[in-house]
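Structural characterization, general
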Amino acid sequence: MDRNKDVVRRFYEEVFNQRDVDLLDELVVRDYEEHDPLPGQQPGLDGLKHRVNTIIAALDPHFAIEDVIAEGDKVVVRWTNSGTNVGDFLGIPATGRSFSIAGVDIYRLEGGKLAEHWHVVDMLGQMQKLGLLPAPEGA
């Protein structure tokens with residue numbers, strides 16, 4: 001389980017935070033399954049590479065890992081993502097605004113590689129912080 005946790009940590013720390021997208025070839029199975037794809041995201045490793053490149057180019061993210069829990073072939077990560085909307089994201093022009101949001105990801109690993117992914121992300125909070133939706137008064 002520690003090896004699986006290390007693979008997931010490397011995904012955030014090296015792929016996202018250090019922008020080493022090529023490392024995905026080492027960390028991910030070819031037929032990777034994304035259960036919450038971005039609109040138009042293709043399946044598999046190539047789809048994940050496009051997803052990661054899109055997020056990096058649009059949101060300049062930095063992930064802080066808060067918790068990592070493993071059981072069997074699954075790893076759960078609670079994180080905080082801080083970034084700035086520096087590029088178009090899913091057809092929405094860049095706002096130049098910064099954000100910090102929380103999320104939880106669940107990964108299933110196969111042979112020490114990421115094979116499946118599910119997540120829950122505070123998209124409402126992110127859209128409000130980017131100025132794309134109004135925040136409630138007093139927030």
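Structure first, text after, so check above.
A brief report on the enclosed structure follows. Source: prediction; values computed, not measured. (Residues numbered from 1 in each chain as written. Predicted model: local features only at pLDDT ≥ 70, side-chain atom pairs only at ≥ 80, totals over all residues. Heavy atoms only, no water.)

Tallying secondary structure elements over the protein chain gives four helices and five strands in all. In terms of overall size, the protein chain behaves like a compact globule, its C-alpha atoms giving a radius of gyration of 15 Å where 139 residues would be expected to give roughly 14 Å. Over its C-alpha atoms, taken along the principal directions, the protein chain stretches across nearly 45 × 30 × 25 Å. When burial is assessed residue by residue, the protein chain has 42% of its 139 residues classed as buried. Intrachain contacts of the protein chain at a sequence separation of at least 6 include 55% that bridge at least 24 residues. (Helix = DSSP H or I, 4+ residues; strand = E, 2+ residues; numbered from the N terminus. Rg over C-alpha atoms; globule rule 2.2 N^0.38 Å. Buried < 20%, exposed > 50% of the residue type's maximum accessible area, 1.4 Å probe, protein only. Contact = heavy atoms within 4.5 Å.)

As a volume, the largest pocket reaches approximately 390 Å³. Considering the residues around the largest pocket, the lining is formed by 27 residues, among which Leu38, Arg51, Ile55, His119 and Val121 are closest to the centre. When contributions to the lining of the largest pocket are tallied by element, the ones reaching two or more residues are helix H1 (2-16), strand E1 (28-34), helix H3 (44-59), strand E3 (74-84), strand E4 (98-110), strand E5 (113-121) and helix H4 (123-129). No other element matches H3, which puts five residues into the lining of the largest pocket. Taken together, the residues of the lining of the largest pocket break down into 19 nonpolar, four polar and four charged. (1 Å grid on protein atoms, 1.4 Å probe; cavity = no way out; pocket = protein on both sides within 12 Å on 5 of 7 lines; lining within 4 Å. Points joined across faces, edges and corners; volume = space filled by probe spheres on them. Nonpolar A, V, L, I, M, F, W, Y, C, P; charged D, E, K, R; others polar.)

What follows concerns H3. Between its first and last C-alpha, H3 extends 22 Å over 16 residues, near the 22 Å set by a 1.5 Å rise per residue. The buried fraction of H3 is high, at 12 of 16 residues. Buried residues of H3: Gly44, Leu45, Gly47, Leu48, Lys49, Arg51, Val52, Thr54, Ile55, Ile56, Ala58 and Leu59, and no others. In the segment just after H3, Asp60 is the residue with positive phi, at about 40 degrees. (Expected span 1.5 Å × (residues − 1).)

Before going further, it helps to spend a moment on the environment of Gly72. Relative to the assigned elements, Gly72 resides in the loop between strand E2 (62-71) and E3. Sequence separation between Gly72 and Asn17 is 55 residues; the distance between their C-alpha atoms is 27 Å. Once residues lying within four places of it in the same chain are set aside, the contact partners of Gly72 are Met1 and Asn4.

This brings us to empty space enclosed by the protein. One pass over the full model with this rule turns up one cavity of 30 Å³ or more. In this structure, the largest cavity occupies an estimated 40 Å³ of space. In terms of residue class, the lining of the largest cavity is built from six nonpolar, two polar and no charged.

Turning our eyes to something else, we now look at the pattern of salt bridges. Here the structure, examined in full by the defined rule, presents 10 salt bridges. One salt bridge in this structure joins Glu14 and Arg10, with 3.0 Å as the shortest N-O distance. Note that Glu14 and Arg10 are positioned in helix H1 at a spacing of four residues, about one turn of the helix. Classification of Arg10 by relative accessible area gives partly exposed; the value is 25%. One network of salt bridges, with partners in common, ties together Arg10, Glu14 and Glu26. (Salt bridge = Lys/Arg side-chain N within 4 Å of Asp/Glu carboxyl O.)

Function cannot be inferred from these measures alone, as they are strictly geometric.
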